[in-house]
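Listed below, chain by chain, are the residues.
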Amino acid sequence: LRALLSELRERSHVKIPGLLENADELRDYFKRLPVHKGAHVFSFDGVMRPLPDVRSDFPMAGYNSDFVLKAPGLLEALNDPALIDLIEQYLGCVPTLYSLNAWWTFPADKPEMTNVQFFHRDTDDWRFLTLFLYLTDVGPDGGPHEVIPGSHSIDGMKKLLKSVPWWRSKMDVERSFVDDMGEDFSRACEQHFRNAAVQLTGPAGSMFLVNTLALHRGIVPTRTDRLLIWARYGLGPNTNSADLERGPLGIRLVPTNLKGTPRERYINRLLVQFDRKPEH
């Protein structure tokens, strides 16, 4: 996958070749589990309920990180040597898998009042990458991830703004990396960069690696439900390691064939304790 490195650096996103083979198995696994309102357990009340109940009540539903970590074959996919090698080349160090999450978005008339569906930046670490894994087919009406290529750097933003008439653009490039967010900022991004934005579509099993410091959002689905997993790789623990709301799991609780090599232990140390026995 090293051939994708220059594209990732320049355009802030790449599609990982091929499809995850057990995407259907993973989707069936998640459908059987309870969910909470919102994309993250801390978004709302965190109360776990059956998926149909939350779907009828709210446009987003998410899973506890423990459920995601126990998904069959998932940890192997997130540790695929070719994928890890590409991430390592981009970050300049062996990555740390610091965040793991999965959630549904359902058709709705407007975005939920959360940054997830408005253009925004993630500022988790000095360097980090996010892997998006679709477990449903995602077309233009299925809630695709949308990214503005090149917006992950100040120079890239200035280049993008060159195509915007001076009298229409009041965007402060530097400030956009610090505290610009919300509905008004997202609307300005739509107006300025509509011709540059790219929607990442694909069948179930599609994977995209994105520098989410770039401006991005999840489009509101209009026809079909969307289920995705995201996994975030960075330099080490950071404020968004809170996605691991229950802490690392003992390896015997995780269905994985990872052997616990020093490299695997390092990459997954925030997710899995390889020497920890299951608690009774």
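Note: the structure precedes this text.
Everything in this summary refers to the structure shown in the same document. Note that the structure is predicted; figures quoted are calculated from it, not measured. (Residues numbered from 1 in each chain as written. Predicted model: local features only at pLDDT ≥ 70, side-chain atom pairs only at ≥ 80, totals over all residues. Heavy atoms only, no water.)

Among the nonpolar cores identified, the biggest contains 67 residues, and Ile16, Phe30, Tyr63, Leu100, Leu209, Ile229 and Tyr233 are the most heavily contacted of them. If we ignore the near neighbours within four places in the chain, the residues touching Phe30 are Tyr63, Phe67, Val68, Ala71, Ala102, Leu135, Leu227 and Ile229. (Core = buried A, V, L, I, M, F, W, Y, C linked by side-chain atoms within 4.5 Å. Buried < 20%, exposed > 50% of the residue type's maximum accessible area, 1.4 Å probe, protein only. Contact = heavy atoms within 4.5 Å.)

Time to look at the pattern of salt bridges. Going through the model one piece at a time under the given rule, you end up with 14 salt bridges. A salt bridge links Asp57 to Lys37; the shortest N-O distance between them is 3.2 Å. Note that Asp57 is positioned in helix 3 (residues 51-57) and Lys37 in strand 2 (residues 36-37), a separation of 20 residues in sequence. On the basis of relative accessibility, which here comes to 21%, the residue Lys37 falls in the partly exposed class. (Salt bridge = Lys/Arg side-chain N within 4 Å of Asp/Glu carboxyl O. Helix = DSSP H or I, 4+ residues; strand = E, 2+ residues; numbered from the N terminus.)

Relative to the helices and strands, Gly250 is located in strand 11 (residues 249-250). Residue classification places Gly250 among the buried positions, given a relative accessible area of 3%.

For the coordinates displayed, the defined rule picks out 7 aromatic pairs. Here Phe44 and Phe58 contribute two aromatic rings whose centre-to-centre distance is 4.7 Å and whose plane-to-plane angle is 70°, an arrangement assigned as edge-to-face. Taken together, the residues Phe44 in the loop between strand 2 and helix 3 and Phe58 in the loop between helix 3 and strand 3 (60-62) connect sequence positions 14 residues apart. Judged by relative accessible area, which is 42%, Phe44 ranks as partly exposed. The buried category is assigned to Phe58, whose relative accessible area is 12%. Residues Phe132 and Trp230 carry aromatic rings whose centres are separated by 6.2 Å and whose planes lie at 55° to one another, so their mutual orientation is tilted. Residue Phe132 is located in strand 5 (residues 128-134), and its partner Trp230 is located in strand 10 (residues 226-234); the two are separated by 98 residues in the primary sequence. You can call Phe132 buried: its relative accessible area is 4%. (Phe/Tyr/Trp six-rings, centres within 6.5 Å; stacked < 30°, edge-to-face > 60°.)

What follows deals with the side chain of Asp125. Mapped onto the secondary structure, Asp125 falls in the loop between strand 4 (96-105) and strand 5. It is Arg269 that comes nearest to the buried, bridge-free Asp125 among opposite-charge side chains, at 8.5 Å. Here Leu235 takes part through its backbone nitrogen, which lies 3.1 Å from a polar atom of the side chain of Asp125. (Lys, Arg positive; Asp, Glu negative; His and termini not counted. Polar contact = N/O pair within 3.5 Å; in protein donor to acceptor, adjacent residues only side chain to side chain.)

Attention shifts here to the sheet that holds strand 7 (residues 198-200). Taken in spatial order, the 3 strands make up an open sheet running 7-6-9, and their pairing is antiparallel. Each edge of the open sheet carries a strand with a single partner, namely strand 7 and strand 9 (216-218). With strand direction ignored, the average angle separating the axes of adjacent strands in the sheet is 25°. Relative to strand 7, strand 6 (residues 145-147) runs antiparallel, the two being bridged by 3 bridges. (Pairing = 2+ DSSP bridges. Axes fitted to C-alpha atoms, helices over the stretch in contact; angles between N-to-C directions.)

Let us now look at unusual backbone geometry. A positive phi angle, close to 70°, is found at Ser12, a residue other than glycine. Since its relative accessible area comes to 0%, Ser12 is described here as buried.

Right, let's get into helix 2 (residues 23-31). Of all the residues in helix 2, the buried ones are Ala23, Leu26, Arg27, Tyr29 and Phe30. In an axial view of helix 2, the angular spread of the buried residues amounts to 160°, which keeps them on one side of the axis. Buried residues along helix 2 sit in contact with helix 4 (65-69), strand 4 and strand 10. (Arc of directions from axis to C-beta.)

It is worth spelling out the sheet that holds strand 4 at this point. Taken in spatial order, the 7 strands of this open sheet run 1-8-5-10-4-3-2, and their pairing is antiparallel. Across the chains shown, the open sheet's two edge strands, defined by having one partner strand only, are strand 1 (13-16) and strand 2. Pairing analysis gives 3 bridges linking strand 3 to strand 4, with the strands arranged antiparallel. Residue pairing in the sheet places Met60 in a bridge with Thr105 of strand 4. Across the sheet, helix 6 (residues 81-91) is in contact with strand 1, strand 5, strand 8 (207-210) and strand 10; its angle to strand 10 comes to roughly 50°.

Where burial is concerned, the two faces of strand 8 agree: the one with Met207 and Leu209 and the one with Phe208 and Val210 are both buried. Looking at chain direction, strand 1 and strand 8 are connected through 4 bridges and run antiparallel. Paired with Lys15 across the strands is Phe208, a residue of strand 8. Here strand 5 pairs with strand 8 via 4 bridges, running antiparallel. Looking at strand 8, one finds that Thr130 is bridged to Val210.

Before going further, it helps to spend a moment on helix 6. For helix 6, the set of buried residues is Leu83, Ile84, Leu86, Ile87, Tyr90 and Leu91. Around the axis of helix 6, the buried residues are gathered within 160° of arc, so they sit on the same side. With a side-chain oxygen positioned 3.1 Å from the backbone nitrogen of Ala82, the residue opening helix 6 is Asp80. Just past helix 6, the residue Gly92 takes up positive phi, approximately 85°.

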